[in-house]
Amino acid sequence: MISIQSKLPGVGTTIFSVMSKLAEEYKAINLSQGFPDYACDEKLINKVTEAMKSGFNQYAPMPGLTELRELIAEKAEKLYAATYNPDTEVTITAGGTQAIFTALTSCISQGDEVIIFEPAYDCYAPAIKLLGGLVKPYELSPPDYEIDWEMVKKLFTANTKMIILNSPQNPTGCILSEKDIKALIKLTKNTDILILSDEVYEHIVFDDKKHHSVALYPELRERSFIVASFGKLLHTTGWKLGYCLAPENLMKEFRKIHQFNVFSVNTPMQVGITNYLKDPDTYLGLSEFFKQKRDLFRGLLTETRFKLLPCHGSYFQCVGYEHLSSEKDTDMAIRLIKEYGVASIPVSAFYTRNTDHQILRFCFAKKQETLEKAVERLMKL
Ligand code: PMP
């Protein structure tokens with residue numbers, strides 16, 4: 001047998017696959033992985049089908065369909081007063097994950113340090129390591145997961161190349177405030193530090209909160225790759241389509257990688273999505289749609305013994321159980337599947353050091369009946 005030296009020796013199967021597989025095995029209700037269990041809009045399916053039937057079945061242009069890029073640039077202008085040139089500063093990708101990987105590949109080299117805020121979405125650290133970069137985790141703590149920017153400053157070295165932001169954040173549902181953004185502007189002023197802003201949940205923000213895209217702030221925009229996902233926008237996570245926004249000098253390097261790694265992405269879906277998104281109401285109602293699910297789920301959870309953490313955005317609700325058990329969160333998550341038939345994600349999986357605050361993450365992008373059934377089972381705990 002030929003053996004190869006692993007480039008990621010410490011990495012196994014992701015926690016999402018592990019929990020989903022276990023959920024399937026035990027026929028548990030799966031609130032672990034972040035995907036809807038209801039259908040997307042039929043109009044969208046019809047538009048994609050129409051595109052296929054009309055012959056849009058060959059390669060799209062390398063950076064994506066011109067009309068779709070124009071639509072995205074218009075959206076950024078309208079929502080964030082940010083001007084992105086669709087020809088040179090917008091690229092359609094095979095989902096947010098590919099956009100993140102390509103952005104990192106375009107600028108992270110051996111020895112470069114990247115600051116990430118943990119608990120962090122799990123694709124950042126392996127990608128950084130694969131490129132020879134060093135992950136500098138800043139651990140945030142429940143219940144509010146607030147960032148002390150003086151502490152962030154302490155992580156800066158001569159090798160700090162990038163900061164990764166994720167707001168609204170997966171898994172915590174926390175969002176960056178204007179105060180955070182102002183601190184970040186101050187901290188990065190007169191530096192060459194880049195920002196990768198993962199904004200895949202930009203349209204899922206609740207109550208009186210506002211999404212502070214880095215696109216809103218010229219000082220940050222000029223140093224940022226912004227990543228978005230049509231999977232979250234259109235309830236179609238399985239389509240794996242997204243996009244990246246960045247100023248021309250950064251996007252030029254991004255596209256050098258993109259053209260050889262992916263070249264271009266699914267044409268009929270790009271055509272269908274373009275025709276669908278011409279009506280902005282298709283995504284502007286997303287916050288209200290998920291607010292109803294969040295309120296329903298939180299309301300139901302009050303009947304259980306879990307402690308609810310705040311949820312200001314995204315479609316994740318975290319709960320604490322330290323007053324109920326001293327079990328590790330991974331053990332608790334496995335026990336919930338095996339004994340109660342509900343799958344969650346242990347939040348320690350989002351920390352480099354597997355820091356365990358005894359918190360579980362549930363996804364509430366599910367049908368009302370799914371959420372009701374799941375909580376009925378959780379009430380037995
Ligand atoms: N970033 C975050 C924070 C996510 O939660 C996800 C999806 N779970 C992604 C990126 C990836 O998006 P996509 O599915 O479009 O690759």
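Residues numbered from 1 in each chain as written. Predicted model: local features only at pLDDT ≥ 70, side-chain atom pairs only at ≥ 80, totals over all residues. Heavy atoms only, no water.

A.B. asks: An account of the pattern of salt bridges is requested, with residue identities and associated values reported.
C.D. replies: Tallied over the full model, the rule gives 11 salt bridges. Notably, a salt bridge pairs Lys136 with Glu113, separated by 3.2 Å at the nearest N-O pair. One end of the pair, Lys136, is in strand S4 (residues 134-139); the other, Glu113, is in strand S3 (residues 113-118), and 23 residues separate them in sequence. Take Lys136: its relative accessible area is 21%, and that puts it in the partly exposed class. (Salt bridge = Lys/Arg side-chain N within 4 Å of Asp/Glu carboxyl O. Helix = DSSP H or I, 4+ residues; strand = E, 2+ residues; numbered from the N terminus. Buried < 20%, exposed > 50% of the residue type's maximum accessible area, 1.4 Å probe, protein only.)

A.B. asks: Pulling in residues and values, what's your account of the site of the ligand?
C.D. replies: Not every one of the 13 residues close to the ligand is listed here, only the nearest: Thr97, Asp198, Tyr201, Ser229 and Lys240. Take Tyr121: an N or O atom from its side chain is 3.5 Å from a nitrogen atom of the ligand. Here Lys240 contributes a side-chain N or O atom positioned 2.6 Å from an oxygen atom of the ligand. Burial of the ligand by the protein amounts to 93% of the accessible area it has alone, namely 400 Å². (Near = heavy atom within 4 Å. Polar contact = N/O pair within 3.5 Å; in protein donor to acceptor, adjacent residues only side chain to side chain. Areas by Shrake-Rupley, 256 points an atom, 1.4 Å probe, with all protein chains shown as cover.)

A.B. asks: So what's going on with the domain arrangement of the protein chain? Which residues, and what values?
C.D. replies: Each assigned domain of the protein chain is listed here: domain 1 (15-39 + 285-378) and domain 2 (58-279). The C-alpha-based centres of domain 1 and domain 2 are spaced at 25 Å. Taken together, the contact between domain 1 and domain 2 spans 30 residues of the former and 31 residues of the latter. Counting each side, the surface lost to burial between domain 1 and domain 2 is near 2800 Å², with a carbon and sulfur contribution of 59%. Per-residue buried area on domain 1 facing domain 2 is highest for Leu286, His312 and Phe350; these three make up 23% of the total on that side. (Domains from an automatic or database assignment. Contact = heavy atoms within 4.5 Å. Buried area = accessible area lost by both parts, 1.4 Å probe.)

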